[in-house]
Protein chains: 2
Amino acid sequence: MKKHIGNALALYPTPLVVVGAMVDGKPNWLLVGHVGIIGHDHVMVSLASAHYTNKGIKASKKLSINIVDEALLPRADRSGCVSGGKEDKSTLFDYVLDDAGVPMIQQAPVTMVCSVEDVYNTKGFESFICTIDATYAEESVLNETGKIDYRALKPVLFEMPTYEYLCTGDVIGKCMSIGKEPQK
Amino acid sequence: MKKHIGNALALYPTPLVVVGAMVDGKPNWLLVGHVGIIGHDHVMVSLASAHYTNKGIKASKKLSINIVDEALLPRADRSGCVSGGKEDKSTLFDYVLDDAGVPMIQQAPVTMVCSVEDVYNTKGFESFICTIDATYAEESVLNETGKIDYRALKPVLFEMPTYEYLCTGDVIGKCMSIGKEPQK
């Protein structure tokens, strides 16, 4: 018998990311924990409308999504503690610009460069729905077939209720395989 | 120096859920790994348009999101292996109906009952954007302040690239705290 706990948002943990975008000609970085996957080809990052970063995203229609691992976590968390409007965050990470001028964090093990296709508005928030232009990954997080090995990547995960970071754990089993075995 | 790996969707792992809905008067269940959080008050589940479940969701504008833990995983995975159009999945889980007639999985440690506010369409997919009517959780996954303790809940996580399930690991640190320490 479960207990009624109001209408708590319980869809955690989510992969923690740092969103990068050019704002007024400088790279800016923002920590984001509210993300999503739409279909098999779109990703979403949900940002409070007041964030300094949003202006740059809306002007350029481009952003980078940088996956955070444990090594990157202290600086990633820092990017969420201060606003780019108050402090220049351009030097918080070493970065490179892609051909379209999108800033990507060099220390991030995986970065997706995205084009903003749509902005979904809810009260106080702008959720950027994006297609993926290009994905870059360190060789050390790729398996022998060139796909990302999440056991090696171990993305840092976020949950809002107690505001903690969790690590990605071990593999439990293969998708669409466990269910084909006889059920107890 | 990272390697270009095409435009791979790398925003994993995500919490694995079973979406429940009434379809033609019977509960139906569908495994979903592509989910999202919009703002602080909306959740999204992204389903291929061809799924049998979508019809029921669009008729009732209600669904349940059942968080999957390791104990629930075999049956949850099973719900993704067969279509409700071909096999009656109503008996796959023990369930209860809430006041609005939304089916909830009894064995799920956490269930959110949701109202569909909008359907976001992309090619071949319907993403249901929902508000949360009520959340139910087993006492065993709540901390002393009544919030969900993800270390106790340990949701099963999903990643698409190698199609594996991962477990939620240990706590690394506190959000918006690590970054306030002096940076190396």
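See the structure printed just above.
Heads up: these notes are all about the structure in this document.

Cut-off values and rules
- Residues numbered from 1 in each chain as written.
- Chains lettered and ligands numbered in written order.
- Predicted model: local features only at pLDDT ≥ 70, side-chain atom pairs only at ≥ 80, totals over all residues.
- Heavy atoms only, no water.
- Pairing = 2+ DSSP bridges.
- Helix = DSSP H or I, 4+ residues; strand = E, 2+ residues; numbered from the N terminus.
- Contact = heavy atoms within 4.5 Å.
- Core = buried A, V, L, I, M, F, W, Y, C linked by side-chain atoms within 4.5 Å.
- Buried < 20%, exposed > 50% of the residue type's maximum accessible area, 1.4 Å probe, protein only.
- Buried area = accessible area lost by both parts, 1.4 Å probe.
- Salt bridge = Lys/Arg side-chain N within 4 Å of Asp/Glu carboxyl O.
- Polar contact = N/O pair within 3.5 Å; in protein donor to acceptor, adjacent residues only side chain to side chain.
- Lys, Arg positive; Asp, Glu negative; His and termini not counted.
- Least-squares fit on C-alpha atoms with pLDDT ≥ 70 in both.

## Some details on the sheet that holds strand β12 (residues 156-159) of chain A
Logical step 1: Spatially, six strands are ordered β2(A)-β12(A)-β13(A)-β13(B)-β12(B)-β2(B) in an open sheet, and the strand pairing comes out antiparallel. Among the strands making up the open sheet, the edge pair consists of β2 (14-15) of chain A together with β2 (14-15) of chain B.
Logical step 2: Pairing between strand β13 (residues 164-174) of chain A and strand β13 (residues 164-174) of chain B: seven bridges, direction antiparallel. Within β13(B), the position partnered with A:Thr168 by the bridge is B:Thr168.

## Points about the environment of B:Gly33
Logical step 1: Mapped onto the elements of the fold, B:Gly33 is located in the loop between β4 (26-32) and β5 (35-38).
Logical step 2: In contact with B:Gly33, not counting residues within four places along its chain, are B:Thr14, B:Pro15, B:Leu16 and B:Phe158.

## Side note on the nonpolar core
Logical step 1: Counting residues in each nonpolar core, the largest one holds 102 residues, and the members touching the most others are A:Leu11, A:Leu63, B:Leu11 and B:Leu63.
Logical step 2: Ignoring sequence-local partners within four residues, the contact set of B:Leu11 consists of A:Pro15, A:Val17, A:Val35, A:Gly36, A:Ile37, A:Val43, A:Met44, A:Ile65, A:Ile67, A:Met112 and A:Tyr150.

## Notes on the interface of chain B and chain A
Logical step 1: Residue-level contacts link 95 residues of chain B with 95 residues of chain A.
Logical step 2: By the criterion of area lost to chain A, the three top residues of chain B are B:Lys2, B:Leu11 and B:Ile37, representing 10% of everything that side buries.
Logical step 3: Our count for the contact surface shared by chain B and chain A stands at zero salt bridges.
Logical step 4: Where chain B meets chain A, there are 46 residue pairs in polar contact (both at pLDDT 80 or more).

## Examining the side chain of B:Asp69
Logical step 1: For B:Asp69, the location among the structural elements is in the loop between β7 (62-67) and α2 (73-81).
Logical step 2: For B:Asp69, which is buried and forms no salt bridge, the nearest opposite charge comes from A:Lys2, at a distance of 9.2 Å.
Logical step 3: Sequence-distant contacts of B:Asp69, that is, excluding residues within four places in its chain, are made with B:Pro109, B:Leu153, B:Lys154 and B:Val156.

## Considerations on the relation of the copies chain B and chain A
Logical step 1: Note on the identical chains: chain B maps onto chain A by a rotation of 180° and an axial translation of 0.0 Å, with an RMSD of 0.0 Å. Those values place the two copies in the arrangement expected of a two-fold rotation axis. Minimal C-alpha separation from the rotation axis in chain B is found for B:Gly36, amounting to 1.8 Å.
Logical step 2: Of the residues that chain B buries at the interface, 100% are likewise interface residues in chain A, meaning the two copies contact each other through the same surface.

## Overview of the pattern of salt bridges
Residue and element names in this part refer to chain B.
Logical step 1: Tallied over the entire structure, the rule returns 12 salt bridges over all chains.
Logical step 2: Across the pair Asp-88 and Lys-26 runs a salt bridge, and its minimum N-O distance is 3.0 Å. In this pair, Asp-88 sits in the loop between α2 and β8 (95-97) while Lys-26 sits in strand β4, placing the two residues 62 residues apart along the sequence.
Logical step 3: Here Asp-88 falls in the partly exposed class, since its relative accessible area comes to 40%.
Logical step 4: With relative accessibility at 42%, the residue Lys-26 sits in the partly exposed group.

Coordinates in, geometry out; function isn't part of it.
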